[in-house]
Amino acid sequence: MTSTQSQIEVSYDVSNEFFKLWLDENMHYTSASYLTGDETLEQAQIQKCNILADYAEVTPESFVLDIGCGWGSNLEHLVRERGVKRAHGITLSTAQCEWIAQKKLGEVHAIVCDYKDYVPEEKYDGLISIEMIDHLCSPAQANKGMAVELYRTYFNKVADWVKPGACFGFQAILRNRIPRTRKDLEDLAFTADVIFPGGLNPRLEELTAAVNPRWEIVEMRTQRECYGRTTGEWLRRLRMHETTIREKWGDQVFIDYERYLDTCVRAFAAHWSSDVQMKLRRIG
Ligand SMILES: C[S@@+](CC[C@H](N)C(=O)[O-])C[C@H]1O[C@@H](n2cnc3c(N)ncnc32)[C@H](O)[C@@H]1O
């Protein structure tokens with residue numbers, strides 16, 4: 001099983017207002033791309049969107065799909081910064097979809113739909129997906145050796161949604177090393193079980209195997225330190241709003257999110273986790 005809709009709602013439906021407090025105004029909930037090290041989180045998020053839009057070869061005429069579009073931060077970027085006129089998004093979260101509808105982005109439509117059930121009416125010129133694949137394989141499935149098969153099912157399916165030669169700007173969190181201490185292992189298990197139930201980050205070699213045979217990897221970059229910095233900034237902002245969060249959503253929400261973000265900062269620093277961006281081109 002991939003993350004179910006109710007598991008997704010555990011992860012993303014605490015409250016839109018809650019996430020806005022510690023993410024950023026546009027609610028990008030994925031690693032930003034710090035290129036010089038001097039950028040703000042907001043600037044680094046724009047850079048991330050530009051890298052992926054370039055990978056997807058987006059032009060103002062492109063019809064683009066964002067798979068796992070979150071609160072629409074990337075869709076909004078495509079419209080406002082890249083001049084895109086038509087784009088679609090899919091997500092499993094009702095709260096995210098309602099948020100996007102309020103943005104009034106013209107010919108941009110987001111729906112609540114599992115990618116497995118999605119049937120586009122016409123082919124897209126380009127695809128973007130930012131850290132959605134991390135929901136597609138559970139720890140139990142990975143233990144049974146099903147990860148590559150599940151990821152390949154995804155890459156094969158989405159290849160049918162674009163024209164041959166079309167490009168895909170893809171980003172995923174990676175799992176690299178396993179921590180050694182009991183506390184670190186417990187913190188990682190807490191993050192997986194309580195904050196992101198049902199999900200597991202892929203290994204890079206699982207992804208490079210799974211894109212075959214439908215996609216060619218044209219370019220690839222990793223940005224482990226960028227995610228450390230992104231989660232560090234989220235943690236700083238969460239702590240800045242501690243009183244409000246405890247008052248509005250309760251002590252346990254603050255305690256859980258502080259533990260999760262603190263674990264993420266350590267995970268990227270200690271190479272337990274990383275982040276990858278790929279430019280994929282559809283073959284044939
Ligand atoms: C970590 S969030 C990233 C959101 C957004 N891409 C961003 O950069 O902020 C993962 C997103 O993937 C969506 N998602 C997870 N599994 C999905 C599935 N099977 N089908 C469609 N969307 C899915 C979630 O609802 C959520 O919007």
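The structure presented is a predicted model; accordingly, all values stated were derived computationally and were not measured. (Residues numbered from 1 in each chain as written. Predicted model: local features only at pLDDT ≥ 70, side-chain atom pairs only at ≥ 80, totals over all residues.)

Trainee: Looking at this structure, I do not really get the overall build of the protein chain. What am I missing?
Mentor: Looking only at helices and strands, one finds twelve helices and seven strands in the protein chain. In summary, the protein chain has a C-alpha radius of gyration of 18 Å against a globular reference of 19 Å for 284 residues, a match within 12%. A principal-axis box enclosing the C-alpha atoms of the protein chain has dimensions of 50 × 45 × 40 Å. Considering the protein chain as a whole, with its 284 residues, one finds that 44% of them fall into the buried category. At a minimum sequence separation of 6, the contacts of the protein chain that also span at least 24 residues come to 76%. (Helix = DSSP H or I, 4+ residues; strand = E, 2+ residues; numbered from the N terminus. Rg over C-alpha atoms; globule rule 2.2 N^0.38 Å. Buried ≥ 20, exposed ≤ 12 C-beta atoms within 10 Å, placed from the backbone. Contact = placed C-beta atoms within 7 Å.)

Trainee: It is not clear to me how the site of the ligand should be interpreted in this structure. Could you clarify?
Mentor: By nearness alone, 23 residues border the ligand, and Thr-30, Gly-68, Gly-70, Ile-130 and Met-132 come closest of all. If you list the elements that add at least two residues to the shell around the ligand, you get helix H1 (5-12), helix H4 (73-82) and strand E2 (86-91). Residues belonging to the shell around the ligand are distributed by class as follows: nine nonpolar, twelve polar and two charged. (Near = placed C-beta within 6 Å. Nonpolar A, V, L, I, M, F, W, Y, C, P; charged D, E, K, R; others polar.)

Trainee: Help me understand the sheet that holds strand E1 (residues 63-67), please; the structure alone is not making it clear to me.
Mentor: Sheet strands associate in pairs through backbone hydrogen bonding, adopting either a parallel or an antiparallel arrangement. Strand order in the open sheet formed by seven strands is E3-E2-E1-E4-E5-E7-E6, and the pairing between neighbours is mixed. Single-partner strands in this sheet number two, and they are strand E3 (107-112) and strand E6 (215-222). Along the sheet, successive strands turn relative to each other by an average axial angle of 15°, direction set aside. Summarising the sheet, strand E5 (residues 162-175) and strand E7 (residues 273-282) pair through nine bridges and their orientation is antiparallel. Bridge pairing in E7 links Gly-169 to Lys-279. (Pairing = 2+ DSSP bridges. Axes fitted to C-alpha atoms, helices over the stretch in contact; angles between N-to-C directions.)

Trainee: Is there a simple way to think about the environment of Val-265 in this case?
Mentor: Its location among the elements puts Val-265 in helix H12 (residues 251-269). In this structure the C-alpha to C-alpha distance between Val-265 and Thr-231, which are 34 residues apart in sequence, comes to 5.8 Å. Setting aside anything within four residues of it in sequence, one finds Val-265 in contact with Gly-228, Thr-231, Gly-232 and Leu-235.

Trainee: How do you make sense of the packing of helix H3 (residues 41-55) against H4 when you look at a structure like this?
Mentor: When two helices pack together, their arrangement is captured by the angle between the axes and the distance separating the axes. In contact at an axis separation of 10 Å, H3 and H4 are set at 80° when each is read in the N-to-C sense. If you check the angle between H3 and H4, you find them roughly perpendicular. Between H3 and H4, the contacting residues are Ile-46, Cys-49 and Ala-53 on the first element and Asn-74, His-77, Leu-78 and Arg-82 on the second. Across the contact of H3 with H4, the residue classes tally to four nonpolar, two polar and one charged. (Parallel < 35°, antiparallel > 145°, perpendicular 65-115°, else oblique.)

Trainee: I keep staring at helix H5 (residues 94-103) and nothing clicks. Help me out?
Mentor: One full turn of an α-helix is made of 3.6 residues, so residues set three or four places apart face in the same direction. Buried residues of H5: Gln-96, Cys-97 and Ile-100, and no others. Seen end-on, H5 carries its buried residues on one side only, within an arc spanning 100°. Downstream of H5 by one or two residues, Lys-104 has phi in the positive range, about 50°. (Arc of directions from axis to C-beta.)

Trainee: Explanation requested: the nonpolar core in the structure shown.
Mentor: Among soluble globular proteins, nonpolar side chains are generally buried collectively. Among the nonpolar cores identified, the biggest contains 52 residues, and Ala-56, Val-64, Leu-75, Leu-78, Leu-127, Tyr-151 and Phe-155 are the most heavily contacted of them. No other element matches E5, which puts seven residues into this core. Sequence-distant contacts of Leu-78, defined by excluding residues within four places in its chain, comprise Ala-53, Val-58, Val-64, Val-84 and Ala-87. (Core = buried A, V, L, I, M, F, W, Y, C linked by C-beta atoms within 7 Å.)

Trainee: What's the story with the pairing of E5 in this structure? I'm lost.
Mentor: Each regular strand shows side chains that alternate between the opposite faces of the sheet. Sheet analysis places strand E4 (residues 124-130) next to E5, joined by six bridges and oriented parallel. Among the inter-strand pairings, Ile-128 is bridged to a residue of E5, identified as Gly-169.

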